[in-house]
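# Tertiary structure, described
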Amino acid sequence: MGDMQILPVARHRPPLKRPTWIIVLVSMVSLFLVCAYIYPPQSRNACYVFSSRGCQVLTDWLPPAPARELTDEEIASRVVIREILSASFTPTKKAKIAFMFLTPGPLPFEKLWDKFFSGHEDRFSVYVHASKEKPVHVSRYFVNQDIRSDQVIWGKISMIDAERRLLANALRDPDNQHFVLLSDSCVPLYKFDYIYNYLMFTNISYVDCFYDPGPHGNGRYSEHMLPEVEMKDFRKGAQWFSLKRQHALIVLADNLYYSKFRDYCKPGLEGKNCIADEHYLPTFFNMVDPGGIANWSVTHVDWSERKWHPKLYRSQDVTYELLKNITSIDLSIHVTSDEKKEEQIQPCLWNGITRPCYLFARKFHKETIDDLLQLFSNYTAL
């Protein structure tokens, strides 16, 4: 007995109970996150299910989406644009500003522009695109400056076509280094030297560009623009640009993004009222060179009446105080079209220094020409 080993008696243990509720909970959370990643919330209200700070917090800790393979057209487009932007452009000794007038017919402020241009003949050039009626010019600077024109319909791609037509003609002159788009109702706010130096001695273009989540902004976006143009890149802005030469060249070189707006940004498409000239260039530059634009236009427009078209200044409105107020503005303000009506405010910086935002203004009625001529010497001296 002494040599015998006493073996321990096996104890009967009840079968382990798996924590089923934990497994189910983990599975549901995993499934929830996978669905949220694949099918992200389509509205901002849905984002607050995850956090009071909205969608951004969710995307911060979700794994990044895999990079999309570029199409052949995108690769070719990016190569061309990169080469143009990286090329070294040495301004010519006779660097000029191209003033490009987009008008349906006569230019009622030619006498004012004649006074503005006088004495600076070697530093500017003029181009006129008259879509309906060929103007009878009263200023020598406009005579024989009409280019071949075509019909322009407000809100449609023909507006962009006219802008590109003006750029193509102006780019033929190698001395043209900056390209300003103006309407028949535009007037200058300063003397020539001030505007010339403002545009020539900075390395950016002035393209109005902002993010508008409302119905008159991203609400106009069409998924037919995918994959090249995503909603996150869609932008809005006024059409009145001022481009440096490299940017004018890439606008002409672009066909990929232009074709998306030609086909899928038009009034009435999918029940939306997409206006090509308000979205094409802001979106294009936001995608290809966001750091190369100022995000505001140097042409002032008064949208305070909240109508489809800006305020039209009549003779009784044109005073020294009005023009002084416009030239004192040094903040760019954009208002979103959603329920929040959020104001997006940024200072107008010129080479890092706060300067007045606007060099030109519109929309002036033709009856104001005498008032403006009388005021010109005073308000341009501000």
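This section reports on the structure supplied with the text. (Residues numbered from 1 in each chain as written. Predicted model: local features only at pLDDT ≥ 70, side-chain atom pairs only at ≥ 80, totals over all residues. Heavy atoms only, no water.)

## Section: helix α11 (residues 320–327)
For α11, the set of buried residues is Leu322, Leu323, Ile326 and Thr327. An end-on view of α11 places all buried positions within 125° of arc, on one side of the element. Buried-residue contacts for α11 involve β8 (299–300), β13 (360–361) and α12 (369–379). (Buried < 20%, exposed > 50% of the residue type's maximum accessible area, 1.4 Å probe, protein only. Helix = DSSP H or I, 4+ residues; strand = E, 2+ residues; numbered from the N terminus. Arc of directions from axis to C-beta. Contact = heavy atoms within 4.5 Å.)

## Regarding unusual backbone geometry
The peptide bond linking Leu226 to Pro227 adopts the cis configuration, its omega dihedral lying at 0°. The topology assignment puts Pro227 in the loop between β5 (205–208) and β6 (242–244). A cis geometry characterises the amide bond from Arg362 onward to Lys363, with omega recorded as 20°. Relative to the assigned elements, Lys363 resides in the loop between β13 and α12. Even without a glycine there, the phi angle at Glu270 is positive, about 55°. As for its placement among the helices and strands, Glu270 is situated in the loop between α9 (256–264) and α10 (276–288). Although it is not a glycine, Asn351 sits at a positive phi angle of roughly 50°. Residue classification places Asn351 among the partly exposed residues on the basis of a relative accessible area of 45%.

## Overview of a nonpolar patch on the surface
Together, Leu331, Ile333 and Ile345 line one region of the surface with nonpolar side chains, adding up to about 260 Å² of accessible area. Structurally, Ile333 is set in strand β9 (residues 331–335). (Patch = residues over 30% accessible without salt bridge, like charges linked within 9 Å, V, L, I, M, F, W, Y side chains within 5 Å. Areas by Shrake-Rupley, 256 points an atom, 1.4 Å probe, with all protein chains shown as cover. Salt bridge = Lys/Arg side-chain N within 4 Å of Asp/Glu carboxyl O.)

## Some remarks on the environment of Val128
Positionally, Val128 belongs in strand β2 (residues 124–130). Residues Val128 and Met100 lie 28 residues apart in sequence; the distance between their C-alpha atoms is 6.0 Å. Beyond its immediate stretch of four places on either side in the chain, Val128 contacts Phe101, Thr103, Leu107, Pro135, His137, Phe142, Gln145, Asp146, Ile147, Ser149 and Leu166.

## Brief notes about the nonpolar core
Counting residues in hydrophobic clusters, the biggest one holds 50 residues, and the most contacted among them are Phe99, Trp113, Phe117 and Phe364. For this core, the elements supplying multiple residues, two or more each, are β1 (96–103), α5 (110–117), β2, β3 (176–183), α7 (192–200), α11, β13 and α12. For this core, the leading source of residues is α7, giving 6 residues. Ranked by size, the runner-up nonpolar core spans 42 residues in total, among them Met100, Leu171, Phe261 and Phe284. (Core = buried A, V, L, I, M, F, W, Y, C linked by side-chain atoms within 4.5 Å.)

## Quick notes on the pairing of β2
With 7 of 7 residues buried, β2 lies mostly within the body of the structure. In this sheet, β2 lies alongside β1 in parallel orientation, the contact comprising 7 bridges. Bridged to Ile97 within β2 is Phe124. Crossover handedness for the path β1 to α5 to β2: right-handed. (Pairing = 2+ DSSP bridges. Right-handed = clockwise from strand over helix to strand, strands pointing away.)

## Some remarks on the environment of Glu230
Checked against the element boundaries, Glu230 lands in the loop between β5 and β6. For the pair formed by Glu230 and Met287, sequence separation is 57 residues and the distance between their alpha carbons is 9.8 Å.

## Some words on the packing of aromatic side chains
Applying the stated criterion across every chain, the model contains 31 aromatic pairs. When the ring of Phe99 is compared with that of Trp113, the centres are 6.1 Å apart and the planes differ by 55°; the resulting orientation is tilted. Placement of the pair is Phe99 in strand β1 and Trp113 in helix α5, with a sequence separation of 14 residues. The burial state of Phe99 is the same as that of Trp113; both residues are buried. Here Phe117 and Phe142 contribute two aromatic rings whose centre-to-centre distance is 6.3 Å and whose plane-to-plane angle is 45°, an arrangement assigned as tilted. Of this pair, Phe117 sits in helix α5 while Phe142 sits in the loop between β2 and α6 (157–171), placing them 25 residues apart in sequence. Taken together, the ring pairs connect Phe99, Phe101, Trp113, Phe116, Phe117, Phe124, Tyr141, Phe142, Phe192, Tyr196 and Phe360 into an aromatic cluster. Its end group placed over the ring of Tyr196, Arg123 keeps NZ or CZ at 4.6 Å from the ring centre. (Phe/Tyr/Trp six-rings, centres within 6.5 Å; stacked < 30°, edge-to-face > 60°. Lys NZ or Arg CZ within 6 Å of the ring centre and 35° of its normal.)

## Things to note about the pattern of salt bridges
Under the criterion given, the structure shown has 11 salt bridges. Arg68 is the partner of Glu74 in a salt bridge, and the nearest nitrogen-oxygen pair spans 2.8 Å. What makes Arg68 partly exposed here is its relative accessible area of 35%. Between Lys96 and Asp173 there is a salt bridge, with its nearest N and O atoms 2.7 Å apart. Here Asp173 lies in the loop between α6 and β3 and Lys96 lies in strand β1, a separation of 77 residues in the sequence. In this structure, Lys96 and Asp173 share a single accessibility class: buried.

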